[in-house]
Amino acid sequence: MSKGQVEDRKRKYDDVETAIPNKLKKDKKDKKDKKDKKDKKRKKDKKEKKDKKEKKEKKDKSNKKSKDLDDLKAENVDEQSSVTQSSVEAAPVQENGYVQSEKLSHVSQSEVDEFYRENEVSVEDPSKLSLRPLLSFSHISLSPEIQDEISKFPKPTPIQAVSWPYLLSGKDVVGVAETGSGKTFAFGVPAIHNLMNAGSEKKGIQVLVISPTRELASQIYDNLILITKKAGVHCCCVYGGVPKDEQRAQLKKAQVVVATPGRLLDLIDEGSARLSNVSYLVLDEADRMLEKGFEEDIKRIIGSTKATGRQTLMFTATWPKEVRELASTFMNSPVKISIGNRDELSANKRITQIVEVVEPFKKERKLLELLKKYQSGARKNEKVLIFALYKKEASRVERNLQYNGYKVAAIHGDLSQQQRTQALGEFKSGVSNLLLATDVAARGLDIPNVKTVINLTFPLTVEDYVHRIGRTGRAGQTGTAHTLFTEQEKHLAGALVNVLNGAGQPVPEELKKFGTHTKKKEHSAYGAFYKDIDTTKKAKKITFD
Ligand SMILES: Nc1ncnc2c1ncn2[C@@H]1O[C@H](COP(=O)(O)OP(=O)(O)OP(=O)(O)O)[C@@H](O)[C@H]1O
């Protein structure tokens, strides 16, 4: 149709229109005007209503935001704070809802730098969040139940100060800090805080902590229960050597589980432990857990937990390079936090280390001399922990000590769990002041007031040496480690010299004579052929059996 034809038709139509009587036309027009007016009003009302609603929603939202911020500010600003509202800096908000407190935002950068320097803190964070350490408990708003428990301490330890913001932000963390530096609460407090915030009672087991020994699992449980009890969170502990029934019953209610690998796998296999909701997984003494012997168990356990959205944590005092690659396969761009230059194997500097090179056959006589030295006069009641290497050796030395009139408790693998628990209890409580142990007690055990550790036989690795001597000098105290070293361990002399040098301890000439060559530590699975790896890379997919 041409433009002209369109115009014609339009005109014709207009003509028809004009053929309608005027009155009718007018009525129709009035009606139409009225209707238009009504429509317009209805549209206007509707728009006004919509605008009003949007405005109200916006206002509510902004009120809530500022209320949340105010609440947070109120919780974090203590009486002495001289911070004014107008000087408040923007607080970074992290993925999991972690908000840096106003008080922490106002700590000067030089104070933060000083903290990093003094504690030799190193943070490798692939996502470059640069979260500030919590220099005081008032720098964080935790629930009253948690606050109540930790406020018995003066301030967070360095590993707690640095790791909490990352853990509360949902990050995977490798935390390496000296023995006795509060790593249990470093991973424990954020675990319970996150659980309480999620308000998820019905989801079953959500936090899982794996530990290499029954005694350590039980100790971690004793620490966590202090918080979980008050917080109304159900925590249980499962380990071997005791009946399963009670553990099965506890698992049905538990949200937090502390476990040793063997018993946990038994309970998984029989269907009593379901880990598919575990979203916070901790390997304590992580390097030990990744060694051969545990490695396969750990793979199976991790394979039973939540595949995505799981936070994985590894904490330890020693982090040898040969386990780092394996660790990274279980983690997602972990933040690596180390306190006190721990790239080199190093011991707690508050422990006085004495190393004596002796003939192997003279060791047990020497032990009796040392006990006279460390448990006589004013030191009569001081606690001494003796380490042997083998179960048989421990049994023999135990009998020998008893023969010489010593009341000695013992922990080693040949004893029943009940005997082990009783021995540890007696030593902890001071019923006996002498404990003889194998490396089952080397890691993690927090026994109050152990003044002296004696290494009757040197352990198989220098990492174990660092853990053993770390049973003294805990939580800021001092202690002594006296080690008898024989030619049979000469392949470890170089590594031991490094540890002594690193802690500013004297190195005996007889030890230097063995040479300072350090044998590369062999991973029990990969031998010495491990490579230095980048722990910051993304986890690669692993298929578990
Ligand atoms: N903020 C704190 N201030 C002072 N002491 C603390 C603090 N947090 C924890 N502790 C105490 O420090 C001691 C050692 O803590 P913990 O057993 O967690 O050490 P660790 O770093 O795990 O040691 P290890 O490497 O031997 O396993 C415990 O008695 C614990 O109660």
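Residues numbered from 1 in each chain as written. Predicted model: local features only at pLDDT ≥ 70, side-chain atom pairs only at ≥ 80, totals over all residues. Heavy atoms only, no water.

This paragraph deals with the overall build of the protein. Along the protein, the regular secondary structure elements total 19 helices and 14 strands. A total of 545 residues make up the protein; the buried ones form 47% of that total. Put simply, 73% of the contacts in the protein that link residues at least 6 apart link residues at least 24 apart. Carbon and sulfur atoms provide 51% of the accessible area of the protein, an area that totals close to 28,400 Å². (Helix = DSSP H or I, 4+ residues; strand = E, 2+ residues; numbered from the N terminus. Buried < 20%, exposed > 50% of the residue type's maximum accessible area, 1.4 Å probe, protein only. Contact = heavy atoms within 4.5 Å. Areas by Shrake-Rupley, 256 points an atom, 1.4 Å probe, with all protein chains shown as cover.)

Its domain assignment divides the protein into domain 1 (102–339) and domain 2 (351–513). Measuring from the centre of the C-alpha atoms in domain 1 to the corresponding centre in domain 2 gives 29 Å. Counting from both sides, the interface comprises 18 residues of domain 1 and, opposite them, 17 residues of domain 2. Note on domain 1 versus domain 2: buried area summed over both sides is about 1,500 Å², and carbon and sulfur give 52% of it. Looking at the side of domain 1 facing domain 2, the largest losses of area belong to Thr-179, Glu-215 and Gln-219, adding up to 40% of the total buried there. Remark: the boundary between domain 1 and domain 2 carries three salt bridges. The partner of Arg-420 in a salt bridge is Glu-215, and the shortest N-O contact between them spans 2.8 Å. If you look at where domain 1 meets domain 2, you find nine residue pairs in polar contact (both at pLDDT 80 or more). A total of four residues in the side of domain 1 that touches domain 2 trace back to one element, the largest contributor, which is helix α8 (residues 214–231). Looking at the side of domain 1 that touches domain 2 residue by residue, the class counts come to five nonpolar, eight polar and five charged. (Domains from an automatic or database assignment. Buried area = accessible area lost by both parts, 1.4 Å probe. Salt bridge = Lys/Arg side-chain N within 4 Å of Asp/Glu carboxyl O. Polar contact = N/O pair within 3.5 Å; in protein donor to acceptor, adjacent residues only side chain to side chain. Nonpolar A, V, L, I, M, F, W, Y, C, P; charged D, E, K, R; others polar.)

Now for the site of the ligand. What surrounds the ligand is a group of 18 residues, the closest being Gly-180, Lys-183, Thr-184, Asp-446 and Arg-474. Side-chain polar atom of Gln-160 to a nitrogen atom of the ligand: 3.0 Å apart, as the coordinates give it. The side chain of Arg-471 places a nitrogen or oxygen atom 2.8 Å from an oxygen atom of the ligand. Look at the ligand: alone it shows 650 Å² of surface, and the protein chains cover 88% of it. Split into classes, the residues belonging to the shell around the ligand amount to three nonpolar, eight polar and seven charged. When residues of the shell around the ligand are assigned to domains, at least three map to each of domain 1 (102–339) and domain 2 (351–513). (Near = heavy atom within 4 Å.)

Moving on to the UniProt feature "short sequence motif: Q motif" (unreviewed entry) in the protein. In the numbering adopted here, UniProt assigns the feature "short sequence motif: Q motif" (unreviewed entry) to residues 135–161. The span residues 135–161 is 41% helical and 0% strand by assignment, and the distance between its end C-alpha atoms comes to 6 Å. (UniProt positions renumbered as here; feature names shortened; annotations may be inferred.)

The predicted coordinates ought not to be read in detail in places where the model reports low pLDDT. In the predicted model, the protein carries a mean pLDDT of 81, and 76% of its residues have values of at least 70. Note on residues 1–29: pLDDT under 50 across the span, and five contacts to partners over four residues away in sequence or across chains. Between residues 58–91, whose pLDDT stays under 50, and residues either more than four places distant or in other chains, the model counts 25 contacts. For this predicted complex, the interface score ipTM comes out at 0.99, while the overall pTM is 0.77. (pLDDT = per-residue confidence, 0-100.)

Let's shift gears to the pattern of salt bridges. In the structure shown here, the tally under the stated rule is 25 salt bridges. Asp-245 serves as the salt-bridge partner of Arg-248, at 2.5 Å between the closest nitrogen and oxygen. Of this pair, Arg-248 and Asp-245 both sit in helix α9 (residues 245–253), separated by three residues, roughly a single helical turn. One salt-bridge network, held together by shared partners, links Asp-148, Glu-149, Lys-152 and Lys-230.

Spatially, β1-β8-β2-β7-β6-β3-β5-β4 is the arrangement adopted by the eight strands of the open sheet, whose pairing is mixed. In the strand order of this sheet, the two ends are held by β1 (121–124) and β4 (235–238), each with one partner. Each neighbouring strand pair of the sheet contributes to a mean axis angle of 15 degrees, computed without reference to strand direction. Taken together, the four bridges between strand β3 (residues 207–210) and strand β5 (residues 256–259) define a ladder with parallel strand orientation. What sits directly across from Leu-208, in β5, is Val-257. Along the sheet, α8 contacts β3, β4, β5 and β6 (280–284); its crossing angle with β4, the most-contacted strand, is approximately 175 degrees. In the packing of α9 onto the sheet, contacts are made with β4 and β5, and the angle to β4 comes to roughly 145 degrees. (Pairing = 2+ DSSP bridges. Axes fitted to C-alpha atoms, helices over the stretch in contact; angles between N-to-C directions.)

The subject of this paragraph is the sheet that holds strand β10 (residues 383–387). The six strands lie next to each other as β9-β14-β13-β10-β12-β11, forming an open sheet whose pairing is parallel. Looking along the sheet, the strands with just one partner apiece sit at the ends: β9 (351–357) and β11 (409–411). Shown here is a sheet whose adjacent strand axes are inclined to one another by a mean of 15 degrees, direction ignored. When β9 meets strand β14 (residues 479–485), the two strands line up parallel, connected through seven bridges. Bridging from a neighbouring strand, Ile-354 pairs with His-482 of β14. Sheet contacts for helix α17 (residues 462–469): β9, β10, β13 (450–455) and β14; angle to β13, the most-contacted strand, approximately 150 degrees.

Let us look at the packing of α8 against helix α16 (residues 417–429). The packing of two helices is summarised by the inter-axis angle and the distance between the axes. Direction vectors running N to C along α8 and α16 enclose 55 degrees, while the axes themselves pass 11 Å from each other. Between α8 and α16, the angle falls in the class oblique. For α8 against α16, the interelement crossing comes out right-handed. Residues Arg-214, Glu-215 and Gln-219 of α8 lie in contact with α16, whose contacting residues are Gln-417, Arg-420, Leu-424 and Lys-428. Among the residues forming the contact of α8 with α16, the class breakdown is one nonpolar, two polar and four charged. (Parallel < 35°, antiparallel > 145°, perpendicular 65-115°, else oblique. Left-handed = near helix turned anticlockwise from the far one by under 90°.)

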